[in-house]
Amino acid sequence: MDLNKLLVSLLICLQCVSMIFLWTLDATNVVSEVKFAVFLAVDLLSFAMVAYGYRKLRGGQLLSHIWILLGSLGLVVLLFSGLLFP
Amino acid sequence: MTAENRSTLSRLLKWFDTRLGLSYPLLRPVPAYAISPFYWLGALTVVAFIIQGVSGVIMLLYYVPSPGAAFTSTQYIFDRVYYGRFLETVHLYTAYAMIMLAFMHMMRGYFVSVHKKPRELMWIVGMFMGFVTLGFGFTGYLLPWTVVSKSATDVGIGMIDALPPQISSLISFLVVGAGGDATELLRFYDLHVIVLPAVLLVLLTAKMYMLETHGISEPPGSKKDAGQIPIFPDVTIYLLELAAMFGAAMLLVSVIFPLNLPPHYTPELASQWIPQPDWYFLWIYQILKISVFEGLGLPIALGIVTFVFILIFLLPFIDRGSSRSIAQRPIFVTLGLIFIGEIIVLAYWGLKTPGQTIPLEEASLVLGGTAILIGSIVLGAFRFFTGGPKRTSSAKTTTHSLNTFGATAAFVIIVSFGALAIGTSLSSIVQIILNGADLISVTRLIMAMIGLACTIMASLTLLYMLDRRTGRLRTKIAFFERIVRPWT
């Protein structure tokens, strides 16, 4: 499988996970606002990375796989750090 | 439909099209070089405005614009509304980001000369938009009716009285109304949620129209036939990418630094409070605190600030040179950097000295020193790195052979010494005027003047050395030759 497609799939999966977490939040609980912000931020950032990848590939430019992987790792850390909050 | 009818219809459509430009390709492609965040600072400002609008509309559902209920309704949003505190924090931080982005957008435009022909009116419309953005900050600050917001706003409103009566009565009527807290809060609320958004949208439409007409300003020296990128999907995706990153940053900052609501405004509490405006007005506040501008000098201070704003407004008619390159506009680039430097220094100084009057000599030393330091470093850097606007090929080769680091260091030392000398001279003169001449003041003045003379001489010598080395010197001066010979 093409590495580019694999990375984009990974990011889309990450986005889906953050969406699912967002849906599971108890919106009547004031304390969960940190979780809400973190999950939404992960969602937005993974979208930005997917868009970046798409734009680069569409323009025939090289995509930095290392940066995408590091970025994805950072997003996973951010996503799970959101779970630490009550 | 007959051929005659079709022809009449097409003629009619053409008539309208010629006047309204309906068939004109809306959102035309942008040049490839515009795919950079620096070209979309204005767009990010609009994104911030949209986030403001959405969060503001949700808060409107709970907020009550009356002195008795403004604070309690804000507190209700904070404590009882789900995600209310988060919403308030996002609204505030996005407002800060909007002001900062608008400022960066303006300064970037200044440095790359977007204000030049044919975009003069775009610049002026942009300036009006900047004013409206500051207006959002000023009017929104009062709405929570906290002691911090009310005290600072009262200082701002108090300044209106220092203006000429015809202007002050008009502004007073528009901003404060008939008088009293209730009218004042309602006016601010109306301005914040109705008038200013409407004005900003009109101005935004006008600016977008002009942007469509003139296109994105090309960087100096760029090729006209640079590749074009379609708005959809490429530029749209890029903009969404930037907007997503901006939104995520705002969300994270808001949860890391959540807002705390200051105490409720009461006249008793306000009397013990030192009023301090929000950071974006601190530089103006600091100017007003200079001792000479206190009391009767206030109109002069306001006049100076107004004059600065007028200069920025009329920039397209002041900076009329044909060159748009940064390297060929040393004076304007230097002035722009001095402006940024002074604003940062004034704002930081204002933050550190709340409520304190600033002595004139101290202000002269700090502001004059900042201007001289930045100005000299930037002009020196221009001379070292570009060799000036009219560089010859021989000069170009010798400029690179200069000991740039040493010369820059010498310039910085000379300029720092000069700033100190000027500041000391000014403070000594003020001291002598205020307290009369005594031995210490006069000695200090003489020493400072000698220091200043040495600085001027050292600067001239350094410039002479540079011109000598770059081959731009036309006449050798015996006096300087004697000084520079041991160094060359």
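Residues numbered from 1 in each chain as written. Chains lettered and ligands numbered in written order. Predicted model: local features only at pLDDT ≥ 70, side-chain atom pairs only at ≥ 80, totals over all residues.

### So, the nonpolar core
For step 1, the next point in the chain: In this structure, A41, L45 and A48 of chain A are the most contacted members of the largest nonpolar core, which totals 92 residues.
For step 2, the next point in the chain: Tallying contributions element by element places helix 2 (residues 33-58) of chain A first for this core, with 15 residues.
For step 3, the next point in the chain: Counting contributing residues, this core receives three or more from each of domain 1 (28-274) and domain 2 (382-487) of chain B.
For step 4, the next point in the chain: Aside from chain neighbours lying at most four places away, what touches A41 of chain A is L78 of chain A together with A248, L251 and L252 of chain B. (Core = buried A, V, L, I, M, F, W, Y, C linked by C-beta atoms within 7 Å. Buried ≥ 20, exposed ≤ 12 C-beta atoms within 10 Å, placed from the backbone. Helix = DSSP H or I, 4+ residues; strand = E, 2+ residues; numbered from the N terminus. Domains from an automatic or database assignment. Contact = placed C-beta atoms within 7 Å.)

### Description of unusual backbone geometry
All names here are of chain B.
For step 1, the next point in the chain: Here the amide bond leading from K117 into P118 is cis, since omega sits at 10°, within 30 degrees of zero.
For step 2, the next point in the chain: Among the secondary structure elements, P118 is positioned in the loop between helix 4 (84-111) and helix 5 (120-142).
For step 3, the next point in the chain: Of note, the phi angle at Y83 is positive, near 65°, even though the residue is not glycine.
For step 4, the next point in the chain: Its location among the elements puts Y83 in the loop between helix 3 (70-79) and helix 4.
For step 5, the next point in the chain: A positive phi angle, near 60°, is found at S113, a position not held by glycine.
For step 6, the next point in the chain: Position of S113 relative to the elements: it lies in the loop between helix 4 and helix 5.

### Observations concerning the packing of helix 4 of chain B against helix 14 (residues 330-352) of chain B
Residues and elements named next belong to chain B.
For step 1, the next point in the chain: Where helix 4 contacts helix 14, the two axes come as close as 10 Å, and the packing angle between them is 160°. One finds that helix 4 runs roughly antiparallel with respect to helix 14. The handedness of the crossing between helix 4 and helix 14 is left-handed. Between helix 4 and helix 14, the residues in contact are M107, Y110 and F111 and V333, G336 and I340, respectively.
For step 2, the next point in the chain: For the contact of helix 4 with helix 14, a count of residues per class yields five nonpolar, one polar and no charged. (Axes fitted to C-alpha atoms, helices over the stretch in contact; angles between N-to-C directions. Parallel < 35°, antiparallel > 145°, perpendicular 65-115°, else oblique. Left-handed = near helix turned anticlockwise from the far one by under 90°. Nonpolar A, V, L, I, M, F, W, Y, C, P; charged D, E, K, R; others polar.)

### Some points on the confidence of the model for chain A
For step 1, the next point in the chain: Chain-level statistics for chain A give a pLDDT mean of 85 and a share of 94% at 70 or above.
For step 2, the next point in the chain: When mean pLDDT is compared element by element in chain A, helix 2 of chain A scores highest at 90, while helix 1 (residues 3-24) of chain A scores lowest at 86. (pLDDT = per-residue confidence, 0-100.)

### A few points about helix 3 of chain B
Residue and element names in this part refer to chain B.
For step 1, the next point in the chain: Of all the positions in helix 3, only A70, F71, S73, T74, I77 and F78 are classed as buried. Buried residues of helix 3, seen end-on, are gathered within an arc of 165° and therefore sit on one face of the element. In this structure, helix 3 carries T72 and D79 as exposed residues pointing more than 90 degrees from its buried face.
For step 2, the next point in the chain: Contacts made by the buried residues of helix 3 are with helix 2 (41-60), helix 4 and helix 8 (181-214). (Arc of directions from axis to C-beta.)

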